[in-house]
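For reference, the chains in residue letters:
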Amino acid sequence: MASGVTVSDACKTTYEEIKKDKKHRYVIFFIKDEKQIDVEVIGARDEEYEQFLANLQAGGAGECRYGLYDFEYMHQCQGTSESSKKQKLFLMSWCPDTAKVKKKMLYSSSFDALKKSLVGVQKYIQATDLSEASQEAVEEKLRATDRQ
């Protein structure tokens, strides 16, 4: 079910700056006035995952957000001794259990609009608490898509 929420041009521009130009490490999106998804925070290229998580939760326990992150990790193919650096873009929907039902519904029904406008994201993750949003949990989900 679509919510009628639109995606701002700033979201698409920032996404392209991360995907193509590698200008930023991450971006946090929020729904403004229940009408439009907009950019809230842009993370510098040298920022760590912990800063991404902190900004994702900055609104408080009752706030939902979307986060796009350019995740880097080392991958070693089976039968080789060399490791290669991998980069994957993931889009996370952060809706903590403590958020109001109306807000959770708005964010979950608007997630598709954001997915469709950000072409080329490798993984979509829905998180309701820190165990699902942790660096370890995310890396595990991203590695599951690697060839062995």
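Cut-off values and rules
- Residues numbered from 1 in each chain as written.
- Predicted model: local features only at pLDDT ≥ 70, side-chain atom pairs only at ≥ 80, totals over all residues.
- Heavy atoms only, no water.
- Buried < 20%, exposed > 50% of the residue type's maximum accessible area, 1.4 Å probe, protein only.
- Helix = DSSP H or I, 4+ residues; strand = E, 2+ residues; numbered from the N terminus.
- Pairing = 2+ DSSP bridges.
- 1 Å grid on protein atoms, 1.4 Å probe; cavity = no way out; pocket = protein on both sides within 12 Å on 5 of 7 lines; lining within 4 Å.
- Points joined across faces, edges and corners; volume = space filled by probe spheres on them.
- Nonpolar A, V, L, I, M, F, W, Y, C, P; charged D, E, K, R; others polar.
- UniProt positions renumbered as here; feature names shortened; annotations may be inferred.

A. Up close: the pairing of strand E4 (residues 65-76). Of all 12 residues that make up E4, nine are buried, and the element is covered over most of its length. The sheet contact formed by E4 and strand E5 (residues 83-94) spans 12 bridges and is antiparallel. Opposite Leu-68, over in E5, you have Leu-91 as the bridge partner. The antiparallel pairing of E4 with E5 creates a hairpin that spans six residues between the two strands, and Gly-79 there sits at a positive phi of about 85°.

B. Examining the layout of surface pockets more closely. Approximately 200 Å³ is the volume found for the largest pocket. Lining the largest pocket we find 11 residues, and of these Glu-34, Lys-102, Lys-103, Leu-106 and Tyr-107 sit closest to its centre. Along the lines of polarity and charge, the residues of the lining of the largest pocket split into five nonpolar, two polar and four charged.

C. Summary view of the UniProt feature "domain: ADF-H" (unreviewed entry) in the protein. Cross-referencing UniProt, the feature "domain: ADF-H" (unreviewed entry) maps to residues 4-143 in the present numbering. Secondary structure within residues 4-143 divides into 35% helix and 35% strand; the distance between the first and last C-alpha atoms comes to 34 Å.

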